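Descriptive structure summary
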Amino acid sequence: MIGTLNESVLLCAGGKYQPSQIMAKLYFYYSAMNAGKTTRLLQSSFNYKERGMDTLLYTFKFDNRFGDAKVASRIGISAKAFTFDNELDVFDDVSMRLQKRVACVLFDEAQFLTKKQVLDLCRIVDELNIPVLTYGLRTDFLGEPFEGSQYLLLLADELIEVKTICRCGRKAIMNAKFDANKKIIRTGEQIDIGGNEKYVALCRKHYFEGNTGEDL
Ligand SMILES: [Zn+2]
């Protein structure tokens, strides 16, 4: 029965989790922007460390909003992290950094992983029996899937939606990009790092209407 539970939830509940006794799984925590994914990542990592187990944290190299090699949440907590770009051999890099006490590997900004890197994460779970927790956006501002999220949705053992709401109160599942006049932007490169000054999480109805929330 333990194998059907999320290890991080089990740890939160004070369960007697023994990593060697259960089959590891690949988890994908997905959401729109500003739903608190990074906060959950840091909480899960903390839960392991509190029990004397180490974790490996990774975040995307392109993201320099909070300085290099750091995972930072908007509520003010942060932790050091290794970085990945699209060239990194994730399986080799994680294998190289594994020590006896490492009980879990966590990836923030997992939408930026490539298909090959998601397959590497599957190998870390299946061949090394290390749980991998990934956190990312499901869709880009164009309403298209990110490569990493697409394959995580296909291949992860557990899909967990981290929910947030549109200003109208409906669940926000889309990420809208807007200009200085709050007009929605529907063209451009998929990757354009930014925060509240550039993006807003909307429900599907208001995303397709192009209403960025000013009139709600
Ligand atoms: Zn809405």
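The structure this text deals with has already been given above.
Note that this is a predicted model, so its numbers are computed, not measured.

Within the protein chain, the secondary structure is distributed over six helices and 11 strands. Evaluated residue by residue, the protein chain yields a buried proportion of 38% over its 216 residues. Considering only contacts within the protein chain whose residues lie at least 6 apart along the sequence, 75% involve residues at least 24 apart.

Turning to the packing of helix H4 (residues 115-128) against helix H5 (residues 147-155), a few remarks are in order. For the pair H4 and H5, interaxial distance at closest approach is 8 Å and the crossing angle is 35 degrees. Note that H4 runs across H5; the crossing there is right-handed. In this structure, H4 uses Lys115, Val118 and Cys122 to contact H5, whose residues at the interface are Glu147, Gly148, Tyr151, Leu152 and Leu155. Its residues assigned to classes, the contact of H4 with H5 shows five nonpolar, one polar and two charged.

Hydrogen bonds between backbone groups are what pair the strands of a sheet, and the pairing can be parallel or antiparallel. Reading across from one edge, S10-S9-S11 is the order of the three strands in this open sheet, with antiparallel pairing throughout. Where the open sheet ends on each side, the last strands, each with one partner, are strand S10 (184-185) and strand S11 (199-202). Of the strand pairs in this sheet, strand S9 (residues 174-178) and S11 are connected by four bridges, and their pairing is antiparallel. Across the sheet, Lys177 pairs through a bridge with Tyr199, a residue of S11.

Turning to the sheet that holds strand S1 (residues 26-31), a few remarks are in order. As summarised here, the arrangement of the six strands in space is S5-S2-S6-S7-S1-S8, forming an open sheet in which the pairing is parallel. What marks the edges here is a single partner per strand, and that holds for strand S5 (82-84) and strand S8 (158-161). In this sheet, adjacent strand axes meet at a mean angle of 20 degrees when their direction is disregarded. By the bridge criterion, five bridges tie strand S2 (residues 54-60) to strand S6 (residues 102-107) in an arrangement that is parallel. Opposite Leu56, over in S6, you have Val105 as the bridge partner. Running at roughly 165 degrees to strand S7 (residues 132-137), helix H2 (residues 37-50) makes contact with S1, S2, S6 and S7 of the sheet. Contacts from H4 reach S1, S6 and S7 within the one sheet, and its direction differs from that of S7 by about 155 degrees.

Right, let's talk about the pairing of S9 for a bit. Summarising the sheet, S9 and S10 pair through two bridges and their orientation is antiparallel. Bridge pairing links Phe178 to Ile184 in S10. Taking the residues between adjacent antiparallel strands as the criterion, S9 and S10 are bridged by five residues, where Lys182 takes a positive phi near 65 degrees.

Packing of helix H3 (residues 90-97) against H4 leaves a shortest axis separation of 8 Å and a crossing angle of 40 degrees. When the axes of H3 and H4 are compared, the pair comes out oblique. Residues Val90, Phe91 and Val94 of H3 form the contact with H4, whose participating residues are Gln117, Asp120, Leu121, Arg123 and Ile124. Taken together, the residues of the contact of H3 with H4 sort by class into five nonpolar, one polar and two charged.

Our next topic: H5. What H5 keeps buried is the set Gly148, Ser149, Tyr151 and Leu152. Structurally, H5 contributes buried residues whose contacts are with S1, H4 and S7.

Cut-offs and rules
Residues numbered from 1 in each chain as written. Predicted model: local features only at pLDDT ≥ 70, side-chain atom pairs only at ≥ 80, totals over all residues. Helix = DSSP H or I, 4+ residues; strand = E, 2+ residues; numbered from the N terminus. Buried ≥ 20, exposed ≤ 12 C-beta atoms within 10 Å, placed from the backbone. Contact = placed C-beta atoms within 7 Å. Axes fitted to C-alpha atoms, helices over the stretch in contact; angles between N-to-C directions. Left-handed = near helix turned anticlockwise from the far one by under 90°. Nonpolar A, V, L, I, M, F, W, Y, C, P; charged D, E, K, R; others polar. Pairing = 2+ DSSP bridges. Parallel < 35°, antiparallel > 145°, perpendicular 65-115°, else oblique.

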